[in-house]
Amino acid sequence: SAVISQKPSRDICQRGTSLTIQCQVDSQVTMMFWYRQQPGQSLTLIATANQGSEATYESGFVIDKFPISRPNLTFSTLTVSNMSPEDSSIYLCSVGLAGAQEQYFGPGTRLTVT
Amino acid sequence: QKEVEQDPGPLSVPEGAIVSLNCTYSNSAFQYFMWYRQYSRKGPELLMYTYSSGNKEDGRFTAQVDKSSKYISLFIRDSQPSDSATYLCAMTSGGQGGKLIFGQGTELSVKP
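Residues numbered from 1 in each chain as written. Chains lettered and ligands numbered in written order. Predicted model: local features only at pLDDT ≥ 70, side-chain atom pairs only at ≥ 80, totals over all residues. Heavy atoms only, no water.

Visitor: Can you break down the overall build of chain A residue by residue, with the values?
Guide: The secondary structure content of chain A amounts to 0 helices and 11 strands. Beginning at the N terminus, the succession of helices and strands in chain A can be written as β-β-β-β-β-β-β-β-β-β-β. Its C-alpha atoms give chain A principal-axis dimensions of about 40 × 25 × 20 Å. Looking at chain A alone, contacts between residues at least 24 apart form 53% of all its contacts between residues at least 6 apart. When the 7 basic and 8 acidic side-chain charges of chain A are each reduced to a single mean position, those positions are 8 Å apart. (Helix = DSSP H or I, 4+ residues; strand = E, 2+ residues; numbered from the N terminus. Contact = heavy atoms within 4.5 Å. Lys, Arg positive; Asp, Glu negative; His and termini not counted. Charge placed at Lys NZ, Arg CZ, Asp CG, Glu CD.)

Visitor: Give a description of the sheet that holds strand β3 (residues 19-25) of chain B that names residues and reports values.
Guide: Residue and element names in this part refer to chain B. Read across the sheet, 5 strands follow the order β1-β3-β8-β7-β6 without closing on themselves; strand pairing throughout is antiparallel. Edge strands, defined here as strands with exactly one partner in the open sheet, are β1 (4-6) and β6 (54-58). For this sheet, the mean angle separating the axes of adjacent strands, direction not counted, is 15°. (Pairing = 2+ DSSP bridges. Axes fitted to C-alpha atoms, helices over the stretch in contact; angles between N-to-C directions.)

Visitor: So what's going on with the nonpolar core? Which residues, and what values?
Guide: Ranked by size, the top nonpolar core spans 26 residues in total, and within it Trp34(A), Ile46(A), Phe66(A), Leu78(A), Tyr91(A), Val95(A) and Leu111(A) carry the most contacts. When residues of this core are assigned to their parent elements, the largest contribution, 4 residues, is made by strand β3 (residues 19-25) of chain A. For Val95(A), the residues in contact, after removing those within four places along its chain, are Ala2(A), Ile4(A), Val25(A), Val29(A), Met31(A), Met32(A), Phe33(A), Glu102(A), Gln103(A) and Tyr104(A). Residues Cys23(B), Phe33(B), Met48(B) and Ala85(B) belong to the second largest nonpolar core, which totals 25 residues. (Core = buried A, V, L, I, M, F, W, Y, C linked by side-chain atoms within 4.5 Å. Buried < 20%, exposed > 50% of the residue type's maximum accessible area, 1.4 Å probe, protein only.)

Visitor: How would you summarise the sheet that holds strand β7 (residues 68-72) of chain A if you had to cite specific residues and measurements?
Guide: Residue and element names in this part refer to chain A. With antiparallel pairing, 4 strands are arranged side by side in an open sheet as β1-β3-β8-β7. With one partner strand each, in any of the chains shown, β1 (4-7) and β7 form the two edges of the open sheet. Neighbour-to-neighbour, the strand axes of this sheet turn through a mean angle of 15°, independent of strand direction. Judged from the 4 bridges that link them, β1 and β3 form a sheet pairing that is antiparallel. Across the sheet, residue isoleucine 4 finds its bridge partner in β3, namely valine 25.

Visitor: Can you tell me about the pattern of salt bridges, naming the residues and giving the values?
Guide: Residue and element names in this part refer to chain B. Taken as a whole, this structure holds 5 salt bridges over all chains when the rule is applied. In this structure, arginine 77 engages glutamate 57 in a salt bridge whose closest nitrogen and oxygen atoms are separated by 3.4 Å. Here arginine 77, found in the loop between β8 (71-76) and β9 (85-92), pairs with glutamate 57, found in strand β6; they are 20 residues apart in sequence, far enough to count as distant. Judged by its relative accessible area of 30%, arginine 77 is partly exposed. (Salt bridge = Lys/Arg side-chain N within 4 Å of Asp/Glu carboxyl O.)

Visitor: I'd like a description of the environment of Lys2(B), backed by residues and values.
Guide: Residue and element names in this part refer to chain B. Tracing the backbone shows lysine 2 in the segment before β1. Classification of lysine 2 by relative accessible area gives partly exposed; the value is 49%. Taking C-alpha positions, lysine 2 is 26 Å from serine 84, a pair spaced 82 residues apart along the chain. Here lysine 2 is in contact with Ser26 and Gln104, once residues within four sequence places are set aside.

Structure, rendered in structure tokens:
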């Protein structure tokens, strides 16, 4: 498995601003993923972030709104840009280990946009 | 139709009961099946992982996969109040970059 930390754990932001969420893993991993979990809902994949290549975004998510960086094998950031109240959600990063299909999740970042 | 269907509950059982949680899916390419447990205000925690059809047991937890029926189950024996959480099924066809598809999650409450 892997130990994953996220910063911040929660934040309250004004509409129109941006927030960058950090994800740190305790070991080198190839695959990192960013998910959104809206209140009472399941997990929706935003994008897959592989080191050395541009992130791959799922339908309905665009780079201008959710830019992602993956500078090395243990770290990634997700920025939520030009926020609106609809962006209020829990944002989760996860990692996939080499040769494995399961993913391990961080504790999440609880974002409230006012 | 969603690729993965899961009854959202909530499900409330007395302590010691046997709990059955289920998911159905439509994509026959799915081969890898997972159950995650998510406590309130926490990230999902991998509970069980199975490949293809069959059963897997880990302590009080048993995961079953029936690919012919496109149906997976998680059984919890001797349920405890500490099992109260949301349980999410997830599955993937595998391969590099294989995307996990999650069910909606079932909220379970075990009453002492």
